[in-house]
Amino acid sequence: MPPSSAPSTTTPVFRIDIPLLPESALGNALQFIDLLRSANLLAGLRGGAGTPRLGWRLLDADGQPLAPMPGPLAAYTQSPTAATEGPAFAWFIPSFHAADIPAIRSVATRHRALSRRIGIALDAGQKVLTLGNGAWLAAQSGRLRDHQASLPWFYIAGFERDFPEIALTLGEDFVDDGPWLSCALPHSLGDMAVALVRHALGDGLAQACASVLRPDHERARAALQANAQQHIPATRDSTLARAMAWMEAHLDEPYSLARLAEAAAVSTRTLLRHFQQELSQSPLDHLHSLRCARAKVLLEVTLESVPSIAVACGYADPAAFRRIFVRHTGMPPGEYRQRHTLRAPRRRWRVDMGT
């Protein structure tokens, strides 16, 4: 998420809880989270830092939050904006791996406790979102009688036998039926995400998400034609863009609000207002975050001393650098280097690669 869309600590968050069973199709959950991230990005671009967001939380089969995942999966374990306290806004039940209808019934039977939690959530006014055979777990709650659902054609006969009180739609890959949003196959997850945005964040943002998350061949052709005829200009410059670019190019220089405002071609008062409205922070706070990002790289890949790295990042006083680094990363520079260094031990270094 770019800095201009970073939420503030007081931003309203609508959390979606996503239980992952041993049988769950993890890719479905990650795909849905990517759609939520795209919706948040669009919300930030349209409304700034204070715009309500969608949060998510991955749970185990017992409803407990999963421990952080390593590497690139870390961002999926729990969203930066997910409120951990209080009830969720909705539950998303991804499909699970099962070879046939008897296997699906067996999975549903093993996880009756999850179905009971879904029933409690529905009683509390929360929504349930299901993909494919995840509908079995929702229907097993007993709270969705007389509702409609969408399922792949190869599940319809078995589901109808198990839950005759639930109507199955034919010819629709996604159904929004009040508390229950269901889609048959992963290609309809975009429609589900748009509907969720509509319920949580309103029609305006949902319409914007629909134009981004759904294919639109007419718009694609129109954009190509307009670009070919030079009706679409390059992105215009902005106050924040000028200020941020100047800071990135002068990280190791002393901070001067006056010089920064001059580079952005605005008054200092206007510059401060732009940073507060869009980033919910001051220019100096943003500069500290940029400097700490550089410091982390230098700590990871070089043997430079902490005082030398402090100077390279614009801090003449190593003690001040340490205080700011701890505030941004939660640990001193030395500890960060020990945990995150990408260098091999010095004794393994060789000047001549042939030796």
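Scroll up to find the structure.
Now for a description of the structure that goes with this document. (Residues numbered from 1 in each chain as written. Predicted model: local features only at pLDDT ≥ 70, side-chain atom pairs only at ≥ 80, totals over all residues. Heavy atoms only, no water.)

All right, on to the environment of Val-175 then. Of note, Val-175 is situated in strand β7 (residues 174-177). Looking at Val-175, the relative accessible area reads 7%, which means it is buried. A C-alpha to C-alpha distance of 9.9 Å links Val-175 and Ser-188, two positions 13 residues apart in sequence. The residues contacting Val-175, other than those within four sequence positions of it, are Gln-148, Ala-149, Ser-150, Thr-169, Trp-180, Leu-181 and Ser-182. (Helix = DSSP H or I, 4+ residues; strand = E, 2+ residues; numbered from the N terminus. Buried < 20%, exposed > 50% of the residue type's maximum accessible area, 1.4 Å probe, protein only. Contact = heavy atoms within 4.5 Å.)

Let's shift gears to the packing of aromatic side chains. Centre-to-centre distance and the angle between the planes together describe a pair of aromatic rings. For the structure on display, the rule yields ten aromatic pairs. With 5.6 Å between their ring centres and 80° between their planes, Phe-325 and Tyr-336 make a pair best called edge-to-face. With Phe-325 in helix α15 (residues 318-329) and Tyr-336 in helix α16 (residues 333-340), this residue pair connects regions lying eleven residues apart in the sequence. One aromatic cluster is present, formed by Trp-136, Trp-153, Phe-154, Tyr-155, Phe-159 and Phe-163 through successive ring pairs. In this structure, Arg-291 is placed above the aromatic ring of Tyr-315, and the distance from its NZ or CZ to the ring centre is 4.9 Å. (Phe/Tyr/Trp six-rings, centres within 6.5 Å; stacked < 30°, edge-to-face > 60°. Lys NZ or Arg CZ within 6 Å of the ring centre and 35° of its normal.)

Here we take up the side chain of Ser-150. Considering the arrangement of structural elements, one finds Ser-150 in the loop between β5 (148-149) and α6 (153-162). Classification of Ser-150 by relative accessible area gives buried; the value is 1%. Separated by 2.8 Å, the side chain of Ser-150 and the backbone oxygen of Glu-172 make a polar contact. Other than its neighbours up to four places away in sequence, Ser-150 contacts Thr-169, Glu-172, Asp-173, Phe-174, Val-175, Ser-182, Cys-183 and Ala-184. (Polar contact = N/O pair within 3.5 Å; in protein donor to acceptor, adjacent residues only side chain to side chain.)

Before going further, it helps to examine the environment of Pro-186. Its place among the elements puts Pro-186 in the loop between β8 (180-183) and α7 (189-201). Judged by its relative accessible area of 31%, Pro-186 is partly exposed. Each C-alpha atom, one on Pro-186 and one on Ala-29, is 9.9 Å from the other, the two residues being 157 residues apart in sequence. Leaving out residues up to four positions away in the same chain, Pro-186 has contacts with Asn-28, Gln-31 and Leu-131.

Moving on to α7. Structural remark: α-helix, 3.6 residues per turn; residues separated by three or four positions point the same way. Taking 1.5 Å per residue as the helical rise, α7 with its 13 residues ought to reach 18 Å, and the 17 Å between its terminal C-alpha atoms agrees with that figure. Most of α7 sits out of view: ten of its 13 residues are buried. All of the buried residues in α7 are Leu-189, Gly-190, Met-192, Ala-193, Val-194, Ala-195, Leu-196, Val-197, Ala-200 and Leu-201. Gly-202 sits one or two residues past α7 and shows a positive phi near 105°. (Expected span 1.5 Å × (residues − 1).)

Note that every value here comes from positions in space, so none of it alone points to a role or purpose.
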